[in-house]
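So you can see what is in the structure, the chains are spelled out below.
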Amino acid sequence: MIQLHDATSLHYDLRLEAGGTLKSWAVPKGPSLDPSDRRLAMQMPDHGLDYYDFEGVIPDGYGAGTVLVWDWGTYTNHTERHGHLLVSVEEALRHGKLSFELFGEKLRGRFALVRKGRGNEWLLIKKRDEHSRAEADPTELAPWSVKTGRVLDEVAEDEAAE
Ligand code: MN
């Protein structure tokens with residue numbers, strides 16, 4: 001799943017379920033469908049599985065701001081090492097490269113997460129397939145929540161009215 005999060009700065013939180021938790025990356029520019037457009041993805045602490053459909057306003061403290069469920073669905077792990085060996089998601093992440101296919105409502109197709117160096121910086125890269133596009137920006141074309149259809153301002157207004 002991917003949340004759109006209007007915190008100190010606007011970003012997208014990519015969360016992949018693995019090993020009973022949500023592995024998480026903050027993607028400042030959001031996902032791209034253009035294979036030549038590598039997006040910085042900062043690995044963040046794992047989140048609990050119950051966070052997968054969280055939408056609302058975090059009032060203060062860490063991550064304060066408005067959150068909406070930008071996309072959700074399933075994914076499959078396609079990571080190979082040494083030519084043919086399919087490795088677990090956890091092992092793939094330890095080795096700094098995860099290849100996966102997304103089956104979301106907005107995002108589909110093959111992606112890779114590749115760690116840069118030894119820190120928490122990764123790159124989110126769209127692989128070339130029938131879902132890759134050079135011209136379309138999914139964050140501009142589809143800003144709404146897949147859970148409620150609301151955009152960020154509507155989530156914030158609804159919470160303020162309660
Ligand atoms: Mn966030």
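**Thoughts on the overall build of the protein**
A tally of helices and strands in the protein yields three helices and 12 strands. Over its C-alpha trace the protein gives a radius of gyration of 16 Å, about what one expects of a compact globule, namely 15 Å for 162 residues. In terms of overall dimensions, the protein has C-alpha extents of about 55 × 35 × 25 Å along its principal axes. Counting all 162 residues of the protein, 46% fall into the buried class. Residue pairs in contact within the protein that sit at least 24 positions apart in sequence constitute 54% of those at least 6 positions apart. Accessible area of the protein: about 8700 Å², with a carbon and sulfur share of 50%. Counting 20 positive and 28 negative side-chain charges, the protein places the centres of these two groups 11 Å from one another.

**Some remarks on the coordination of the manganese ion**
Tetrahedral coordination by four donors puts the ideal angle at the metal at 109.5 degrees, and octahedral coordination by six puts it at 90 or 180 degrees. Taken together, the protein donors to the manganese ion comprise H5 (ND1), H11 (NE2) and D13 (OD), at separations of 2.2 Å. In primary-sequence terms, the residues that donate to the manganese ion follow H-x5-H-x1-D. For the pair formed by H5 and D13, the shared burial category is buried.

Definitions and limits used
- Residues numbered from 1 in each chain as written.
- Predicted model: local features only at pLDDT ≥ 70, side-chain atom pairs only at ≥ 80, totals over all residues.
- Heavy atoms only, no water.
- Helix = DSSP H or I, 4+ residues; strand = E, 2+ residues; numbered from the N terminus.
- Rg over C-alpha atoms; globule rule 2.2 N^0.38 Å.
- Buried < 20%, exposed > 50% of the residue type's maximum accessible area, 1.4 Å probe, protein only.
- Contact = heavy atoms within 4.5 Å.
- Areas by Shrake-Rupley, 256 points an atom, 1.4 Å probe, with all protein chains shown as cover.
- Lys, Arg positive; Asp, Glu negative; His and termini not counted.
- Charge placed at Lys NZ, Arg CZ, Asp CG, Glu CD.
- Donors = N, O, S within 2.8 Å, 3.2 Å for Na, K, Ca; no water.

In short, the description is geometric, and any link to function would need to be established separately.
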